[in-house]
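# Architecture at a glance
So the chains spell out like this:
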Amino acid sequence: MLVIPAVDILDRKVVQLVGGIPGTEMVVIPDPVEAAGSWIEKGTKALHVVDLDGAFGKENNIPVIKKIIKRCDIPVNVGGGIRSEETIRELLDGGADKVIIGTKAVKDHDWLKDMASKFPDRLLLAMDTKGGKIAIGGWQEGSPVSVDEMFRVIKDLPLAGILNTNVDVEGKGKGIDEAQVRDFISRSPHPVTASGGVTTIDDVRKLDAAGAVAAVVGVSVYTGLLEPWKWDLPWESSI
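Quick summary incoming for the structure in this document. (Residues numbered from 1 in each chain as written. Predicted model: local features only at pLDDT ≥ 70, side-chain atom pairs only at ≥ 80, totals over all residues. Heavy atoms only, no water.)

### Here's the deal with the pairing of strand β2 (residues 13-16)
For clarity, the cut-off: In this analysis, strands are considered paired if DSSP registers two or more bridges between them. Helix and strand definitions follow DSSP, with helices as H or I runs of at least four residues and strands as E runs of at least two, each counted in order from the N terminus.
Of the strand pairs in this sheet, strand β1 (residues 2-10) and β2 are connected by 2 bridges, and their pairing is antiparallel. Its bridge partner lying in β2, Leu 10 is registered against Lys 13. Counting the residues in the hairpin turn of β1 and β2 gives 2 residues, including Asp 11, whose phi is positive at 55 degrees. Examined bridge by bridge, β2 and strand β3 (residues 27-29) share 3 bridges and lie antiparallel to one another. If you follow Val 14 over to β3, its bridge partner there is Ile 29.

What follows is the structure in structure tokens.
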């Protein structure tokens, strides 16, 4: 299982928010390309880049994201406000390893099925949850579609996997919700990358034991609570 640092971009800066709420910035770094480069220097084996401006319906950060990808020689997964085939293709052609789709996919299942068939094994579906329900629109809206219903929709689709961020614990530095993670992974028809609340090595081990294929980390690595670059096998949790 990989531990992957998040590079969340808002207002052209790298930020870490609490529960995805603007104005709760716990970390602000002015240069996203330099921030991404710092993780590469520390030995990360992948990056998780999220365009929060795009997710909130503002002008996207695709140009700077392409600069990040160009600088990296490791897989970069990109998400945030991606709601068209053209954007998916632009990011993949620009070198993204996987593209993360969420709001549009949850709302429009025909579009999701079409994109999955056109880009097999290159798309991660964001099924972020808040209070046990799917959260969309930059986590600001609830979806009428239940988690189980989405699992049924995607069961036979050629997705690369699912990204599940538990918004209830995201950015709070208080640890994961182990019961929620285990329940979600046990029911998911696809491999799960888990995010939200990952604060200690114990959290990472719990996610590994629960069957997550990767853990996305944010506040904890930016503030030094979690230092995977000091592990014997950097950025790998199975140690």
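What follows picks up the thread again.
### So, helix α8 (residues 178-187)
We count it as follows: A simple rule labels every residue: compare its accessible area, found with a 1.4 Å probe on the protein chains alone, to the largest value its type can have, and call it buried under 20%, exposed over 50%, or partly exposed in between. What the arc measures is the spread of directions leading from the helix axis to the C-beta atoms. Any two residues whose heavy atoms approach within 4.5 Å at even a single point are treated as in contact.
Those residues of α8 lying buried are Gln 180, Val 181, Phe 184 and Ile 185. The buried residues of α8 occupy an angular sector of 120 degrees when the element is viewed end-on, so they sit on one face. α8 presents Ala 179 and Ser 186 as exposed residues on the side facing more than 90 degrees away from its buried surface. Packed against the buried residues of α8 are β8 (129-130), α7 (147-154), β11 (161-165), β12 (192-195) and α9 (201-210).

### Some details on unusual backbone geometry
Positive phi, normally seen in glycine, also occurs at Asp 11, with a value near 55 degrees. Its place among the elements puts Asp 11 in the loop between β1 and β2. For Asp 11, a relative accessible area of 41% gives the class partly exposed.

### A short note on the packing of helix α3 (residues 62-71) against helix α4 (residues 85-93)
Note the threshold: Axis definition: a line fit to C-alpha positions, over the contact stretch in the case of helices; interaxial angles, taken between N-to-C directions, run 0 to 180 degrees. Any angle from 65 to 115 degrees is called roughly perpendicular, while one under 35 is roughly parallel, one over 145 is roughly antiparallel, and all others are oblique.
Across the interface, α3 lies against α4 with an axial gap of 10 Å and an inter-helix angle of 25 degrees. When the axes of α3 and α4 are compared, the pair comes out roughly parallel. Contact with α3, carried on its side by Ile 62, Ile 65 and Lys 66, involves Thr 87, Glu 90 and Leu 91 of α4 and no other residues of that element.

### Digging into the environment of Ala 179
Following the sequence through the fold, Ala 179 ends up in helix α8. A C-alpha to C-alpha distance of 26 Å links Ala 179 and Gly 224, two positions 45 residues apart in sequence.

### Brief notes about the sheet that holds β8
With antiparallel pairing, the 3 strands of this open sheet are ordered in space as β8-β9-β10. One side of each edge strand has no neighbouring strand; the edge strands of this open sheet are β8 and β10 (141-142).

### Observations concerning the packing of aromatic side chains
Going by this rule: Each pair of aromatic rings taken from Phe, Tyr and Trp, with Trp reduced to its six-membered ring, is defined by centres within 6.5 Å and is described as stacked if the planes are under 30 degrees apart, edge-to-face if over 60, and tilted in the remaining cases.
In this structure the tally under the stated criterion is 3 aromatic pairs. Judged by centre distance (5.8 Å) and plane angle (45 degrees), the rings of Trp 39 and Trp 229 are tilted. Residue Trp 39 is located in helix α1 (residues 32-41), and its partner Trp 229 is located in the segment after α10 (219-222); the two are separated by 190 residues in the primary sequence. Taking the relative accessible area as the measure of exposure, Trp 229 reaches 22% and is therefore partly exposed. Residues Phe 151 and Phe 184 carry aromatic rings whose centres are separated by 5.2 Å and whose planes lie at 65 degrees to one another, so their mutual orientation is edge-to-face.

### Concerning α3
Taken together, the buried positions of α3 are Ile 62, Ile 65, Ile 68 and Ile 69. Projection of α3 onto a plane perpendicular to its axis shows the buried side chains occupying an angular sector of 110 degrees, all on one side. In α3, the exposed positions that point more than 90 degrees away from the buried face belong to Pro 63, Lys 67 and Lys 70.

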